[in-house]
Amino acid sequence: MTKELIPQLMPQEPTGQAHIDLKPQASTPLNLMLGLLGGVALAVMIALNSELSKYGSPLLASWVAHGVGTLVALLLLGAVRLRQAALTRRNGAAPWWAYLGGLPGAFTVVLGAMTVNSALGLSASIAFIMAGQILFGLVCDSLGLFGMARRRLNWGQGASLAVMALGALVVLLAQEGA
């Protein structure tokens, strides 16, 4: 597998400085596994933050999660010695709204903690979160939101949303029947 197909931090040859490769990557088994790992990480984050919110509040869990996340990100930045130039696109600075990614992250932590600690529980909460992610992803793709390439939707993508929503409903109904 060539390093061009793997989205990663790649060192530049002359200086040894790292940069983030932002070019679209081909779908490879590694990319698919990284996506699954991201989903597992999200589920673990939601479970841990939901537990923490029992001892304080969903807002406290959000503060702690983002504080720890900030520290880890700073350590990672230091470990690969990223420079300011590596944080901007090659054609200039990122738009102002691109720096607001922490806002939905905070809401994800708060809303996740609230739903996991409700009758939904962890599995149904994650199922509905995933259905919401697919729905929003399809909207972003079809409208070209947030700088995404505009993509024409097809019946398969609509079917995937329907199957995901049905799956979330099955998870909820199965646990209520248990």
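From a predicted model like this one, the values you see are computed outputs, not experimental measurements. (Residues numbered from 1 in each chain as written. Predicted model: local features only at pLDDT ≥ 70, side-chain atom pairs only at ≥ 80, totals over all residues. Heavy atoms only, no water.)

Engineer: Could you clarify how one ought to interpret the overall build of the chain in this entry?
Structural biologist: When you go through the chain residue by residue, the secondary structure sums to five helices and two strands. Starting at the N terminus and walking to the C terminus, you meet the elements of the chain as β-β-α-α-α-α-α. The buried share among the 178 residues of the chain stands at 18%. Taking the contacts inside the chain whose residues are at least 6 apart along the sequence as the reference set, 63% of them involve residues at least 24 apart. For the chain, the computed accessible surface area is about 12400 Å², with 72% contributed by carbon and sulfur atoms. (Helix = DSSP H or I, 4+ residues; strand = E, 2+ residues; numbered from the N terminus. Buried < 20%, exposed > 50% of the residue type's maximum accessible area, 1.4 Å probe, protein only. Contact = heavy atoms within 4.5 Å. Areas by Shrake-Rupley, 256 points an atom, 1.4 Å probe, with all protein chains shown as cover.)

Engineer: Would you mind going over the confidence of the model for the chain with me for this structure?
Structural biologist: Any residue range with low pLDDT should be treated as having predicted coordinates unsuitable for detailed reading. With 78% of its residues at a pLDDT of at least 70, the chain reaches an overall mean of 79. Note on residues 1-20: pLDDT is under 50 here. Beyond four places in sequence and across chains, it has 39 contacts. (pLDDT = per-residue confidence, 0-100.)

Engineer: In this structure, what is going on with the packing of helix H1 (residues 29-54) against helix H2 (residues 58-80)? I would like to understand it.
Structural biologist: Packed helix pairs are characterised by how far apart their axes lie and by the angle those axes make with each other. Closest axis-to-axis distance for the H1/H2 pair is 8 Å, and the angle between their directions is 130 degrees. Considering the angle they form, H1 stands oblique to H2. Our pair here, H1 against H2, has a crossing hand that is right-handed. Each of Asn49, Leu52 and Ser53 in H1 lies in contact with H2, whose residues at this interface are Pro58, Ala61, Val64 and Ala65. Partitioning the contact of H1 with H2 into residue classes produces five nonpolar, two polar and no charged. (Axes fitted to C-alpha atoms, helices over the stretch in contact; angles between N-to-C directions. Parallel < 35°, antiparallel > 145°, perpendicular 65-115°, else oblique. Left-handed = near helix turned anticlockwise from the far one by under 90°. Nonpolar A, V, L, I, M, F, W, Y, C, P; charged D, E, K, R; others polar.)

Engineer: Looking at this model, I keep getting lost on unusual backbone geometry. Mind explaining?
Structural biologist: With the exception of glycine, most residues fall at negative phi, and the peptide bonds are largely trans. Its identity is not glycine, yet phenylalanine 146 carries a phi of approximately 55 degrees, on the positive side. Note on placement: phenylalanine 146 falls in the loop between helix H4 (121-143) and helix H5 (155-177). The exposure class assigned to phenylalanine 146 is exposed, which follows from its relative accessible area of 51%.

Engineer: Explanation requested: the side chain of serine 53 in the structure shown.
Structural biologist: Within the fold, serine 53 resides in helix H1. Serine 53 sits in the buried class, given a relative accessible area of 8%. Side-chain polar atoms of serine 53 contact the backbone oxygen of serine 50, separated by 2.8 Å. The contact partners of serine 53, leaving out residues within four places of it in the chain, are Pro58, Ala61, Ala113 and Asn117. (Polar contact = N/O pair within 3.5 Å; in protein donor to acceptor, adjacent residues only side chain to side chain.)

Engineer: What am I meant to see in a nonpolar patch on the surface here?
Structural biologist: Among the surface-exposed residues, Trp96, Trp97, Leu100, Leu103, Leu135, Phe136, Val139, Leu143, Phe146 and Met148 lie close enough to one another that they form a single nonpolar patch of about 1000 Å² accessible area. In terms of residue count, the dominant contributor to the nonpolar patch is H4 (four residues). Inspection of the secondary structure puts leucine 135 in helix H4. Taking the relative accessible area as the measure of exposure, leucine 135 reaches 45% and is therefore partly exposed. (Patch = residues over 30% accessible without salt bridge, like charges linked within 9 Å, V, L, I, M, F, W, Y side chains within 5 Å. Salt bridge = Lys/Arg side-chain N within 4 Å of Asp/Glu carboxyl O.)

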